[in-house]
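# Structural overview for review
What follows is the residue order along each chain.
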Amino acid sequence: MAKSARDPGFADVVGDGALETLASGLGFTEGPVWHPYEKWLVFSDMPENRMYIRRPNGIIEDFRRPSHKANGNTLDRQGRLLTCEHATSRVSRLERDGSTSIIATHYKDKELNSPNDIVVATGGAIYFTDPTFGRMEYYGVPRPQDLAFQGVYRVDPDGSNLTLLIDDFAQPNGLCFSLDESRLFINDTERQHIRVFNISPRGELSGGAVWAETKGEEPGAPDGMKIDSCGNIYCCGPGGIHVFDPSGHTLGIIRTPEPTANFAFGDDDLKSLYITASSSLHRLRVRVPGLRLF
């Protein structure tokens, strides 16, 4: 694997490690999430309609099958797994007793498009994107779209209220908070850029200027996105994973052999980047650690 450095600071963030392939021959992998205390990694395979778990001993086995063509996953502040389901157009939560709670399915009596990626604020509020990919062949179940827009939503910490925050995206996808959670970064797969919004004390969004673009002629587009502990933002894009410093300046690209959909920081020091790249799961050691989800 080659890395394309556009700034000398790229090596200080990403390092010079080699890409390690942990699994291959899968369908289209997505949504990796690392449990910082139980030491497992869960990730999705949309066309195969299943989710996998990689145990602490490295064994990969079925976690959920069928998965309702699950895409993005995260953990809430209690360590419960939240999942965006393409086939059912809903956000679900795995409870501690093994049961499933439904967090969101409709907005104003109309079915959501297909929740895609998801993050949870320190106070417990849930934010998720809702493009139309899960209503397409291969990534989901083809069916008409009920809503006239592709939005970004917030669910109150107690799950009692679903609020539409913004509806002017072409295809909203990956999202992450700034380190102090005063801003929310959201990328647009179709428009190939990342926008940044201010978050009010009530959780509402304002602003929305383009913060950075993922440029390149190779396969790949904005998809999964994460922030590390120094405020550098990683975002999928042409050729692999684009790394930006806190000002939005491109440091470089982590090149991957297949288009990359998502990734998560993991292992005890949170310096392992688990990468879901099309038919494979990879791992790359980096120099700046990520953040614990809870």
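The coordinates are above.
Overview of the structure.

Reading guide: rules and limits
Residues numbered from 1 in each chain as written. Predicted model: local features only at pLDDT ≥ 70, side-chain atom pairs only at ≥ 80, totals over all residues. Heavy atoms only, no water. Helix = DSSP H or I, 4+ residues; strand = E, 2+ residues; numbered from the N terminus. Contact = heavy atoms within 4.5 Å. Pairing = 2+ DSSP bridges. Axes fitted to C-alpha atoms, helices over the stretch in contact; angles between N-to-C directions. Polar contact = N/O pair within 3.5 Å; in protein donor to acceptor, adjacent residues only side chain to side chain. Buried < 20%, exposed > 50% of the residue type's maximum accessible area, 1.4 Å probe, protein only. Core = buried A, V, L, I, M, F, W, Y, C linked by side-chain atoms within 4.5 Å. Salt bridge = Lys/Arg side-chain N within 4 Å of Asp/Glu carboxyl O.

Next up on the list: the environment of glycine 207. Mapped onto the secondary structure, glycine 207 falls in strand S20 (residues 205-213). Here the alpha-carbon distance between glycine 207 and arginine 183, two residues 24 residues apart in the chain, equals 9.7 Å. With sequence-adjacent residues up to four places away left out, glycine 207 is seen in contact with Val196 and Phe197.

Turning next to the sheet that holds strand S15 (residues 150-155). Read across the open sheet, the four strands follow the order S13-S14-S15-S16; overall the sheet is antiparallel. Strands at the two margins of the open sheet, each flanked by one partner only, are strand S13 (118-120) and strand S16 (162-169). Neighbour to neighbour, the strand axes of the sheet diverge by 20 degrees on average, direction disregarded. Bridge count for strand S14 (residues 126-130) against S15 is five bridges, and the pairing is antiparallel. Each bridged residue has a counterpart across the sheet, and for tyrosine 127 the counterpart in S15 is arginine 154.

The next subject is the environment of serine 280. By the element assignment, serine 280 lies in strand S27 (residues 280-285). Put simply, serine 280 and leucine 26 are 254 residues apart on the chain and 6.0 Å apart in space, counted from C-alpha to C-alpha. Not counting residues up to four positions away in its chain, the partners in contact with serine 280 are Ala23, Ser24, Thr29, Glu258 and Ile275. Looking at serine 280, its side chain comes within polar contact range of the side chain of glutamate 258, at 3.3 Å.

In the segment running from arginine 65 into proline 66, the intervening peptide bond is cis, with an omega of 5 degrees. Relative to the helices and strands, proline 66 resides in the loop between strand S6 (60-64) and strand S7 (70-75). Positive phi, close to 50 degrees, is recorded for lysine 108, a residue that is not glycine. With relative accessibility at 67%, the residue lysine 108 sits in the exposed group. Here leucine 270, not a glycine, exhibits a phi torsion of approximately 55 degrees, which is positive. Along the chain, the position of leucine 270 falls in the loop between strand S25 (262-266) and strand S26 (272-277).

Ranked by internal contacts, the top residues of the largest apolar core, which has 18 residues, are Val14, Tyr234, Val243, Ile254, Leu273, Ile275 and Leu284. Only helix H1 (10-14), strand S22 (233-237), strand S23 (240-244), strand S24 (250-255), S25 and S26 provide two or more residues apiece to this core.

Another aspect to go through is the pattern of salt bridges. For the coordinates displayed, the defined rule picks out 20 salt bridges. Its salt-bridge partner being arginine 195, residue aspartate 168 comes within 3.0 Å of it at the nearest N-O pair. Residue aspartate 168 is located in strand S16, and its partner arginine 195 is located in strand S19 (residues 193-199); the two are separated by 27 residues in the primary sequence. Residue aspartate 168 is classed as partly exposed on the basis of its relative accessible area, which comes to 36%. In this structure, a network of salt bridges that share partners links the residues Asp76, Arg80, Arg93 and Glu95.

We now examine the pairing of strand S8 (residues 81-85). Most of S8 is tucked away: five of the five residues are buried. Neither face of S8 is exposed, since Leu81, Thr83 and Glu85 on one face and Leu82 and Cys84 on the opposite face are all buried. Inspection of the sheet shows S7 paired to S8 by four bridges, in the antiparallel sense. Each bridged residue has a counterpart across the sheet, and for asparagine 73 the counterpart in S8 is threonine 83. Counted between consecutive antiparallel strands, the loop separating S7 from S8 contains five residues, among which glycine 79 sits at a positive phi close to 80 degrees. Hairpin connection between S8 and strand S9 (residues 90-94): a loop of four residues separates the two successive antiparallel strands, and serine 89 in this loop has a positive phi of roughly 55 degrees.

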